[in-house]
Amino acid sequence: MPVENLEFKTEINQLLNLMIHSLYSHKEIFLRELLSNASDAIDKARYESLVNSEAITDTGDWKIKITADKDAKTLTISDNGIGMTKEEVISELGTIAHSGTLEFMRTLKEKGDINLIGQFGVGFYSSFMVADKVTVVTKSVKSETAVKWESEAKGTFTVDDIEKETRGTDVILHIKDDDKQYLNHWEVSSIVRKYSDYIEYPIVMDVEREEDSALDKGKKVKLIKEETLNSQKAIWLKDKAEITEEQYNEFYKHVSHDFADPLSVIHFKAEGTSEFTALLYIPSQVPMDIFYEQFKIGPVLYVKRVQIMDHCEELLPKYLRFIKGVIDSSDLPLNVSREILQNNPHVSVINKNVTKKVLDTLSDMKLKDLEKYKKFYKELGKVLKEGVHFDFQRREAVADLLLFRSTKTGKEGYTTFKEYVEQMREGQEEIYYITAASYEEALQSPHLESFNDKGYEVLMMLDEVDDIIFGYFEYKGKRMKSVIKGSVDLDKKDEQEKKEEGHKYEKLIARITSRLKDDIKEVRLSGRLKQSPCCLVSDEGAIDPAMERMLRSMGKEVPKNLRILELNPSHPLIEALGAAIEKDDQGADESLDMLYEQALMIDGNKPKDPAAFAKKISELMLESLNLKKSS
Ligand code: ADP
Ligand code: MG
């Protein structure tokens, strides 16, 4: 086969240009990326040796070797991992654009931070920051022949057949003149310790050492010795006391693909019915895609230090999907499949243990470091609270971790279910809440008027999903009650009084009912209004209006939900309208329409007929100005 000359995919070319011409800091991370690839390749070979043992027999000698040749100015990173076939080399190193390429370039331009490269699946190309030519020689476990890939990053790369005895990959960097420090042993060794210490395979390098000569006493001789640069111990198996914060953080970035430091580390070993070690992290920022279907859930699963699965979703409940890290089990079989995971008793023990540990950690943080907890909550509370809905056994434990604003906390303050219940008023049996799009919107809602007037605290539920989560929740035996649904009777008016009011407004109610029969379900007198003339409410079990709007905006079909129009019997406008209808004043009908339009708007909707509504307002304004003039 002749040498093939191939072109890089456009995005990769752009990336390479950026890499070569505009990045001057943090260049050393190229080594981290290449070592991470080598380690991934060995992981795969090791896994292959377990499930398909004939293919690989040299187990037990996994190793990554770094060789610096100062004369040739090359730095070579060799591994005995899985290797690549010719097809793989072509696609992986040049022709498939990893989905993250463009996104990475954008981030790079914005933040100028090359550090993130590994998270976008293009780490290999960082080698061109320090090399003007890169040669890859690789032999796959699947192939008898080896391939050589080579490029100077000038738009093309070549692929050719080559001899290579052993399985694995050599990445040979032809180091640029300006970057010769990367050929020094101490430089390489310090970069390895900084970024790649936890890699579980030995990263070795030949080092020249002077030693006393055995033959000639008093004389020194130069010896080449292979030295292991990394401590290699899986970080989660080390003693906590041995691990620095920096190492914890570096490992977090490695497993999470996050670029910020984590908020908290949870590191523990469980013994007993199930033996496992967990090193888990609470991130400091909400991952962008956490609400997407394709978000990868679960920590990395190791069995006796062998990586088995990138994301094992059976190990944690979905509402804790923000937790990143590793779990290393001593009890699971090495060849676990998804089916085994779903029914394995060890898996459920781990899940239970880890869930408890995470919830306890959060609870502890809330108690001891509220500021930190608030930071967590602001980013991830929205995910955590799904647990109230989904984790029946622990719903109160999760609920105790939630923070709410209420009509009494102010915008910056918060309350909890526990405090709310402790401060409930005499005779209050339900936990009142209002759903709204924002704190301000909630605060101005007419639905709160009576509650405020009588001093009842109302929790604010400001996420669209809240009504679904809390609608049927009971905290310590107290039911949740949405103040915008069902009827409210805080005045506890007696029957006589109600009867009189009903009688007084009988005609008005009948007139509105017939006029708006297509738009509303019912008209009734309200027990929740103080200052406002009217408002719309839903039936007790109906879908929350905020939720309804969200579903519609997502293009989902939601059955039309007719609302209830409530009138404030003590409001002068309602009284005046009642009197007008009583007198059979035909002109009052227009005002009835406007009343409804108002109610719609306060509820966050557009008026039914905005143009007519605006016109009517103008007329009323003019009338009132003329009145003022003439008086
Ligand atoms: P990522 O590691 O995130 O996939 P990289 O750009 O670092 O992205 O590497 C691209 C791909 O090239 C890898 O996914 C892998 O398939 C292949 N590759 C790189 N280095 C090696 C190696 N040493 N051995 C085997 N395959 C490798
Ligand atoms: Mg990589």
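Just so it is clear, the structure is predicted and the values come from calculations on it, not from any experiment.

Focus: the site of ligand 1
Phase 1 of the analysis: Close to ligand 1 lie Asn37, Ala41, Asp79, Met84, Glu92, Leu93, Gly121, Val122, Gly123, Phe124 and Thr169, which account for all nearby residues.
Phase 2 of the analysis: At a separation of 3.1 Å, an oxygen atom of ligand 1 approaches a polar backbone atom of glycine 123.
Phase 3 of the analysis: Expressed as a share of its isolated accessible area of 530 Å², the protein-covered part of ligand 1 is 83%.
Phase 4 of the analysis: Within the residue set of the shell around ligand 1, elements represented by two or more residues are helix 2 (29-51) and helix 3 (86-95).
Phase 5 of the analysis: Across the shell around ligand 1, the residue classes tally to 5 nonpolar, 4 polar and 2 charged.

Here's the deal with empty space enclosed by the protein
Phase 1 of the analysis: Counting across every chain of the model gives 1 cavity of 30 Å³ or more.
Phase 2 of the analysis: Lining the largest cavity we find Val255, Gly298, Pro299, Val300, Asp310, His311, Lys324 and Gly325.
Phase 3 of the analysis: For the lining of the largest cavity, a count of residues per class yields 3 nonpolar, 3 polar and 2 charged.

Some words on the nonpolar core
Phase 1 of the analysis: Residues Ile66, Trp149 and Leu173 are the most contacted members of the largest nonpolar core, which totals 74 residues.
Phase 2 of the analysis: Of all the elements, helix 2 adds the most residues to this core, at 9 residues.

Description of the packing of helix 17 (residues 506-515) against helix 19 (residues 572-582)
Axes are the key here: two packed helices are described by the angle between their axes and the distance separating the axes.
Phase 1 of the analysis: The N-to-C vectors of helix 17 and helix 19 enclose an angle of 85 degrees; their axes lie 8 Å apart at closest approach. Judged by the angle between their axes, helix 17 and helix 19 are roughly perpendicular. Touching Lys507, Leu508 and Arg511 of helix 17 are Ile574, Leu577, Gly578, Ile581 and Glu582, all from helix 19.
Phase 2 of the analysis: Of the residues belonging to the contact of helix 17 with helix 19, the class tally is 4 nonpolar, 1 polar and 3 charged.

Structural notes on helix 19
Phase 1 of the analysis: Taken as a whole, helix 19 has its buried residues at Ile574, Leu577, Gly578, Ala580 and Ile581. The buried residues of helix 19 all sit within an arc of 165 degrees when viewed along its axis, so they share a single face.
Phase 2 of the analysis: Buried residues along helix 19 sit in contact with helix 17, strand 22 (563-567) and helix 20 (588-602).
Phase 3 of the analysis: Within two residues after helix 19, aspartate 584 carries a phi angle of roughly 65 degrees, on the positive side.

Focus: the packing of helix 8 (residues 345-368) against helix 9 (residues 370-384)
Phase 1 of the analysis: Running from N to C, helix 8 and helix 9 cross one another at 140 degrees; their axes reach a closest spacing of 8 Å. Taken as axis vectors, helix 8 and helix 9 run oblique relative to one another. Handedness of the helix 8/helix 9 crossing: left-handed. In this structure, helix 8 contributes Leu359, Leu362, Met365, Lys366 and Lys368 to the contact, and helix 9 contributes Leu370, Lys372, Tyr373, Phe376 and Leu384.
Phase 2 of the analysis: Taken together, the residues that form the contact of helix 8 with helix 9 break down as 7 nonpolar, no polar and 3 charged.

Side note on the sheet that holds strand 2 (residues 64-69)
Phase 1 of the analysis: The strand order across the open sheet built from 9 strands is 1-6-5-4-7-3-2-8-9, with neighbouring strands paired in mixed fashion. The sheet is open, and its two borders are formed by strand 1 (4-7) and strand 9 (220-228), each paired with just one other strand. On average, each strand axis in the sheet is tilted by 25 degrees relative to the strand beside it, whichever way the strands run.
Phase 2 of the analysis: Pairing of strand 3 (residues 74-79) with strand 7 (residues 168-175) involves 6 bridges; the strand directions are antiparallel. Note that in strand 7 the partner of aspartate 79 across the bridge is threonine 169.
Phase 3 of the analysis: The strands that helix 5 (residues 185-196) touches are strand 2, strand 3, strand 8 (203-212) and strand 9; relative to strand 8, the one it contacts most, it runs at about 135 degrees.

Observations concerning the packing of aromatic side chains
For any two aromatic rings, the description comes down to two numbers: the centre-to-centre distance and the angle of the planes.
Phase 1 of the analysis: A full pass over the atoms with the stated rule returns 23 aromatic pairs.
Phase 2 of the analysis: Relative to phenylalanine 157, the ring of phenylalanine 8 lies with its centre 5.0 Å away and its plane at 45 degrees, an arrangement referred to as tilted. With phenylalanine 8 in the loop between strand 1 and helix 1 (10-22) and phenylalanine 157 in strand 6 (residues 156-162), this pair connects stretches of sequence that are 149 residues apart.
Phase 3 of the analysis: Residue classification places phenylalanine 8 among the buried residues on the basis of a relative accessible area of 5%.
Phase 4 of the analysis: Take phenylalanine 157: its relative accessible area is 0%, and that puts it in the buried class.
Phase 5 of the analysis: An angle of 45 degrees between the planes, with centres 5.8 Å apart, marks the rings of tryptophan 236 and phenylalanine 251 as tilted. Remark: phenylalanine 251 occurs in helix 6 (residues 245-256) and tryptophan 236 occurs in the loop between strand 9 and helix 6; sequence separation between them is 15 residues. Each member of the pair, tryptophan 236 as well as phenylalanine 251, is classed as buried.
Phase 6 of the analysis: An aromatic cluster is built from Phe8, Phe124, Tyr125, Trp149 and Phe157, whose rings are joined through pairwise contacts.
Phase 7 of the analysis: The cationic tip of lysine 357 hangs over the ring face of phenylalanine 268; the distance from NZ or CZ to the ring centre is 4.9 Å.
Phase 8 of the analysis: Over the aromatic face of tyrosine 456 sits the side chain of arginine 425, whose NZ or CZ is 4.7 Å from the ring centroid.

Calculation criteria
Here the residue numbers are simple positions, counted from 1 along each chain's written sequence. Here chains are named by letter from A upward and ligands by number from 1 upward, in the order in which they appear as written. In view of the model being predicted, local features appear only for residues whose pLDDT reaches at least 70, and side-chain atom pairs are presented and counted only at 80 or more, with totals across whole chains, interfaces and linings using the full set of residues. Just so you know, side-chain values use all the structure's heavy atoms and leave hydrogens and water out. Here, proximity means that at least one heavy atom of the residue falls within 4 Å of the molecule or strand. For the purposes of these results, a polar contact is taken to be a pair of N or O atoms within 3.5 Å, where, inside protein, one atom must be able to donate a hydrogen and its partner to accept one; residues adjacent in sequence count only when each atom of the pair is a side-chain atom. Each accessible area is a Shrake-Rupley result for a 1.4 Å probe, and residues are judged covered by the shown protein chains and nothing else. Working definition: helices are DSSP H or I runs of at least four residues, strands are E runs of at least two. Numbering for both runs from the N terminus. Here the term charged refers only to Asp, Glu, Lys and Arg, the term nonpolar to Ala, Val, Leu, Ile, Met, Phe, Trp, Tyr, Cys and Pro, and the term polar to all other amino acids, Gly among them. Residues are called lining when one of their atoms sits within 4 Å of a cavity or pocket point, these points coming from a 1 Å grid over the protein atoms alone, where a cavity is a set in which a 1.4 Å probe fits but cannot get out and a pocket is an open set with protein on both sides within 12 Å along at least five of seven lines. Grid points are joined across faces, edges and corners, and a volume is the space filled by probe spheres set on the points. The term nonpolar core refers to a set of buried residues drawn from Ala, Val, Leu, Ile, Met, Phe, Trp, Tyr and Cys, joined through side-chain atoms within 4.5 Å. Residue burial is assigned from relative accessible area. The probe radius is 1.4 Å, only protein chains are included, and a residue is buried under 20% of its type maximum, exposed over 50%, and partly exposed in between. Only the stretch in contact is used when a helix axis is fitted, and all axes are lines through C-alpha atoms; the angle between N-to-C directions ranges over 0 to 180 degrees. Oblique is the label for any angle not covered by the other classes, which are roughly parallel (under 35 degrees), roughly antiparallel (over 145) and roughly perpendicular (65 to 115). Here, two residues are considered to be in contact whenever any of their heavy atoms come within 4.5 Å of each other. Of all possible arcs, the one meant is that of the directions from the helix axis to the C-beta atoms. It is the rotation of the near helix from the far one that decides the hand of a crossing: anticlockwise by less than a right angle makes it left-handed, clockwise makes it right-handed. A pair of strands is considered paired only if DSSP assigns at least 2 bridges between the two. Aromatic pairs are defined between Phe, Tyr and Trp rings, using the six-membered ring for Trp, whenever the two ring centres lie within 6.5 Å; interplanar angles under 30 degrees are classed as stacked, those over 60 as edge-to-face, and all others as tilted. Only when the NZ atom of a Lys or the CZ atom of an Arg is both within 6 Å of the ring centre and within 35 degrees of the ring normal do we say a charge sits over the ring.

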